[in-house]
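What follows is the residue order along each chain.
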Amino acid sequence: REVALTMDKVDQVVKSIDDFIAKYPSVTQFERFKELEEKTGHPKVYFFLGAVFLIASFILGFGGLKLVTDLVGFLYPAYMSFKSMESSPKAVPDDATQWLTYWVIFSSLSVTEGLFTFIVKLIPFYYGLKMGLIIWLYHPKTTGAEVLYNQVVRPKILPHLEAAKKSE
């Protein structure tokens, strides 16, 4: 009886992953996995999960947590920035401020990390914490980049910009 319940749950997970890869066919290479499924008789979800595991292992193995964190900090925000720019090419889209602010904060963090490399060794679980911070910065519900910019960066930089403006 427990085995049947477990298999039902596995089937539900397989179905939800199958729905996901069908929803984003160009990103997930849906057609190629469908061909593999037809040739072998095994669900395309297994091939998809195998490919995800191989790619994740390659990224983690060759680049480590730094590369994983940098990809988390770059891929989705770059996609959303592109999407924002293309949504209204002649006017400034509403979400452009969020993405410009994110890139300013993300760049500042990257430069700081590059200058103070010892921070990585001092802070336990540094890359996990950094990944959480990055997601907080760009998540639409928190818009952490705007919070950090308005409360930390802007008050420090604005006086210098105003002084430079007066001297021009």
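Basis of the calculations
- Residues numbered from 1 in each chain as written.
- Predicted model: local features only at pLDDT ≥ 70, side-chain atom pairs only at ≥ 80, totals over all residues.
- Heavy atoms only, no water.
- Axes fitted to C-alpha atoms, helices over the stretch in contact; angles between N-to-C directions.
- Helix = DSSP H or I, 4+ residues; strand = E, 2+ residues; numbered from the N terminus.
- Parallel < 35°, antiparallel > 145°, perpendicular 65-115°, else oblique.
- Left-handed = near helix turned anticlockwise from the far one by under 90°.
- Contact = heavy atoms within 4.5 Å.
- Nonpolar A, V, L, I, M, F, W, Y, C, P; charged D, E, K, R; others polar.
- Salt bridge = Lys/Arg side-chain N within 4 Å of Asp/Glu carboxyl O.
- Buried < 20%, exposed > 50% of the residue type's maximum accessible area, 1.4 Å probe, protein only.
- Expected span 1.5 Å × (residues − 1).
- Arc of directions from axis to C-beta.
- Core = buried A, V, L, I, M, F, W, Y, C linked by side-chain atoms within 4.5 Å.

## As for the packing of helix α4 (residues 44-87) against helix α5 (residues 96-115)
The description of two helices packed together rests on the angle between their axes and the distance between the axes.
Working step 1: Taken N-terminus to C-terminus, the directions of α4 and α5 make an angle of 155°; their axes are 10 Å apart at the nearest point. Put simply, α4 runs roughly antiparallel to α5. For the pair α4 and α5, the crossing hand works out as left-handed. Counted together, Lys66, Asp70, Gly73, Phe74, Tyr76, Pro77, Ala78, Met80, Ser81 and Ser84 of α4 and Ala96, Trp99, Tyr102, Trp103, Phe106 and Glu113 of α5 form the full contact between these two elements.
Working step 2: The class makeup of the residues in the contact of α4 with α5 is ten nonpolar, three polar and three charged.

## Details of the pattern of salt bridges
Working step 1: Tallied over the entire structure, the rule returns seven salt bridges.
Working step 2: With a closest N to O distance of 3.4 Å, aspartate 18 and lysine 44 form a salt bridge. Placement of aspartate 18 in helix α1 (residues 2-23) and of lysine 44 in helix α4 is noted, with a sequence separation of 26 residues between them.
Working step 3: Residue classification places aspartate 18 among the partly exposed residues on the basis of a relative accessible area of 22%.
Working step 4: Here glutamate 37 and lysine 44 are joined by a salt bridge, their closest N and O atoms 3.0 Å apart.
Working step 5: For lysine 44, a relative accessible area of 7% gives the class buried.
Working step 6: Salt bridges here are not isolated pairs; linked through shared partners, they connect Lys66, Asp70, Glu113 and Lys130.

## Notes on α1
Working step 1: Over its 22 residues, α1 extends 32 Å from the first C-alpha to the last, a length consistent with the 32 Å expected when each residue adds 1.5 Å.
Working step 2: Among all positions in α1, only Val14, Ile17 and Ile21 are buried. Here the buried residues of α1 occupy an arc of 65° about the axis, which is enough to place them on one side. Projecting away from the buried face of α1 at angles above 90 degrees are the exposed residues Lys9, Gln12 and Lys23.
Working step 3: Those residues of α1 that are buried are in contact with α2 (25-28), α3 (30-40) and α4.

## What about helix α7 (residues 126-138)?
Working step 1: With 13 residues, α7 should cover 18 Å at 1.5 Å per step; its first-to-last C-alpha distance of 19 Å lies within 8% of that length.
Working step 2: For α7, the set of buried residues is Tyr126, Tyr127, Lys130, Ile134, Leu137 and Tyr138. Along the axis of α7, the buried residues cluster in a sector spanning 85°; they form a single face.
Working step 3: On its buried side, α7 packs onto α4, α5, α6 (118-122) and α8 (144-167).

## With respect to the nonpolar core
Working step 1: Within the largest apolar cluster, ten residues are counted, these being Met80, Trp99, Tyr102, Ile105, Phe106, Ile134, Leu137, Tyr138, Ala145 and Val153.
Working step 2: Only α5, α7 and α8 provide two or more residues apiece to this core.
Working step 3: Among the elements that take part in this core, α5 stands out by supplying four residues, more than any other.
Working step 4: The next biggest cluster of nonpolar side chains, apart from the first, holds seven residues, and it includes Phe30, Phe33, Val45 and Phe48.

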